[in-house]
Amino acid sequence: MNRREKAQQKRDLQRLYQEMIGLSNIIQQLIIITGLTALVVLLVWSRDGIGVVATMMILLLLIVVFLFFLHRSGYPNEAGVILFATVTIIITVLAINGDGIYNIPHIFYPILLIFSGILFGRAMIPAVTTVVILIETLLFVLDRTGLIVPFDGAVLWAPDYFAFVIITLIVTGILLSVTLKTVEENLLQIALSEKVIKESYELTLESWARALELSKREPHGHSQRITELVEEFASDLELDDELKSHLRHGALLHDIGKMGIPETILQKPGPLTAAEQKLSREHTLFAKKMLSDIAYLESLADIPIYHHEQWDGKGYPEGLKEEHIPYTARLFALIDNWVSLTSHQVYRPAWSNEQAFAYIQNEAGKKFDRRITKAFLKFLKKKGQERS
C-alpha cells in the first residue's frame, strides 16, 4: 500500500469513526449548549456592567450563531473545530485576566483534550496536546513573572506543580491515543469486512441478472441498460444513497421471477393465450417466494414483486393502488416500460422514442404515478431522449 492509499484509508477510517459516534449531532448539541451557557453567564456577569467576562460571552454568542448556520450548511467538522478553538481562546483570555477564575483552565484543558480526541479521532490528539501544553506553559510563565495576579489566598504556581500538570496532560494524550488506536483498528477491520460482503453481494446480484440473460429469459444487455438508467434517474432526483442502492439492486433482479416461467412462453413470437398470460404474470409471485425469506434481499424485493402494479389499481399481482404501491416500484415501473418499449422484443419491433414518450405521458395518472412521470419525462428531455 503506497502513501496515497494509506492517507485515503486514514481519511475513510476517520469518516467511519465520526459516522459511528454521530459527530454531526454531537457538534450541534455542543453548539446549542455552549450558546445557552454563554447566555446564562452573560446575564449573571452583566449586572455590574460590561466587563471582560460579559464581553467574552457576547463574542461567544455571536460566534455560536455563525457556527449554527455553518453546521446547518453541511460543515459539522469545521463548526466543531472552530467551536473548540473559540472556547479555548476565551477561557485562556479569562484565565490571563484572572478575577477568580484562575484555576478553571486546569479543569478545562484536559477535558478539551479528551473531547477533541473522542470526537475528531486520534489524528487530533498530538495537535491538541501540544496546544494545551503551550497554553499551560504560557500561564505558568505569566504567573511566575507576576503578570497574572490570582485571587486572594491562591497559591502561586510552583515548578513541581507545573511539571505535574504537563506530565498529566502528556499521559492523558498517550492513553487516549492508544485507546482510540485500538478502536480505529477494530473499525478498520469491520469496514474491510463490510466492503468484502458488499462486493460479494453485488457480484451475486449481477450473476443472477446474467443468468436470466443466459437462460434467454431477458434480452442480452437488458439488465445493464435498465440499471444504468435507474441510477441516472435516481441521481437526477437527488435521492439518498440508501434509496439509490435499493433501486439499483431491485433493478438487477426485477425479473428474477421469470426463472419460474417456461422459456416457450417468454420467447413466444406471437400473442399469448389467456392461460399463458396468466402464467407469465405469476413471475411476480415467484419473485416473492424467492426473495421474501432471504433477509438481506428484503430491501430490494419491492421492485421484483410490485413493478407491474398500476396507479389506478389495475395492475398485478395484488392490485395495489396509488400510494399503496411502494415508491421504488412506482419509480422503476416507468423506467422498465421505457426500456421495454424502446427495445426489440420477440413479439414486436422496438418503438421509437417519440412513441414511447407519448405513451408514458398519456398513461400518467392511470398506469403511472403522475408526479414521478412528470419528473421522468423532464429527465428524458434533459438527456435529449424524447426523440429518436
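Residues numbered from 1 in each chain as written. Predicted model: local features only at pLDDT ≥ 70, side-chain atom pairs only at ≥ 80, totals over all residues. Heavy atoms only, no water.

Q: Where do I start with the overall build of the protein in this structure?
A: When its secondary structure is counted, the protein shows 16 helices and zero strands. Considering the protein as a whole, with its 388 residues, one finds that 41% of them fall into the buried category. Across the protein, contacts joining residues at least 24 apart in sequence account for 65% of those joining residues at least 6 apart. Here the protein has roughly 21800 Å² of accessible surface; of this, 61% comes from carbon and sulfur atoms. (Helix = DSSP H or I, 4+ residues; strand = E, 2+ residues; numbered from the N terminus. Buried < 20%, exposed > 50% of the residue type's maximum accessible area, 1.4 Å probe, protein only. Contact = heavy atoms within 4.5 Å. Areas by Shrake-Rupley, 256 points an atom, 1.4 Å probe, with all protein chains shown as cover.)

Q: Would you mind going over the nonpolar core with me for this structure?
A: The tendency in soluble globular proteins is for nonpolar side chains to be buried side by side. Among the nonpolar cores identified, the biggest contains 42 residues, and Ile-27, Ile-31, Met-57, Leu-60, Tyr-109 and Leu-112 are the most heavily contacted of them. The set of elements that each furnish at least two residues to this core consists of helix 2 (23-45), helix 3 (52-72), helix 4 (76-97), helix 5 (105-120), helix 6 (125-144) and helix 7 (159-214). Leave out the neighbours within four places in its chain, and Met-57 touches Ala-38, Val-41, Leu-42, Ile-90 and Leu-94. (Core = buried A, V, L, I, M, F, W, Y, C linked by side-chain atoms within 4.5 Å.)

Q: How should the packing of aromatic side chains be read in this particular structure?
A: Tallying each qualifying case throughout the model produces seven aromatic pairs. The interplanar angle of 90 degrees and the centroid separation of 5.8 Å between the aromatic rings of Trp-351 and Tyr-359 together place this pair among those described as edge-to-face. Residue Trp-351 is classed as partly exposed on the basis of its relative accessible area of 30%. Assessed through its relative accessible area of 24%, Tyr-359 is described here as partly exposed. By way of ring pairs, the aromatic residues Phe-233, Trp-338, Phe-376 and Phe-379 are connected into one cluster. (Phe/Tyr/Trp six-rings, centres within 6.5 Å; stacked < 30°, edge-to-face > 60°.)

Q: Which parts of the structure should I look at to understand the environment of Glu-298?
A: As for its placement among the helices and strands, Glu-298 is situated in the loop between helix 12 (283-291) and helix 13 (302-306). Under the relative-accessibility criterion, Glu-298 is labelled exposed at 57%. Distance from Glu-298 to Lys-288, taken between C-alpha atoms, is 9.9 Å for residues 10 residues apart in sequence.

Q: Is there a simple way to think about the pattern of salt bridges in this case?
A: Oppositely charged side chains are able to pair whenever their charged atoms sit close together. Scanning all chains against the criterion turns up five salt bridges. Between Glu-318 and Lys-288 there is a salt bridge, and its shortest N-O distance comes to 3.2 Å. Remark: Lys-288 occurs in helix 12 and Glu-318 occurs in the loop between helix 13 and helix 14 (327-341); sequence separation between them is 30 residues. Judged by relative accessible area, Glu-318 falls into the partly exposed class, the value being 41%. The shortest N-O distance in the salt bridge between Arg-330 and Glu-323 comes to 3.3 Å. (Salt bridge = Lys/Arg side-chain N within 4 Å of Asp/Glu carboxyl O.)

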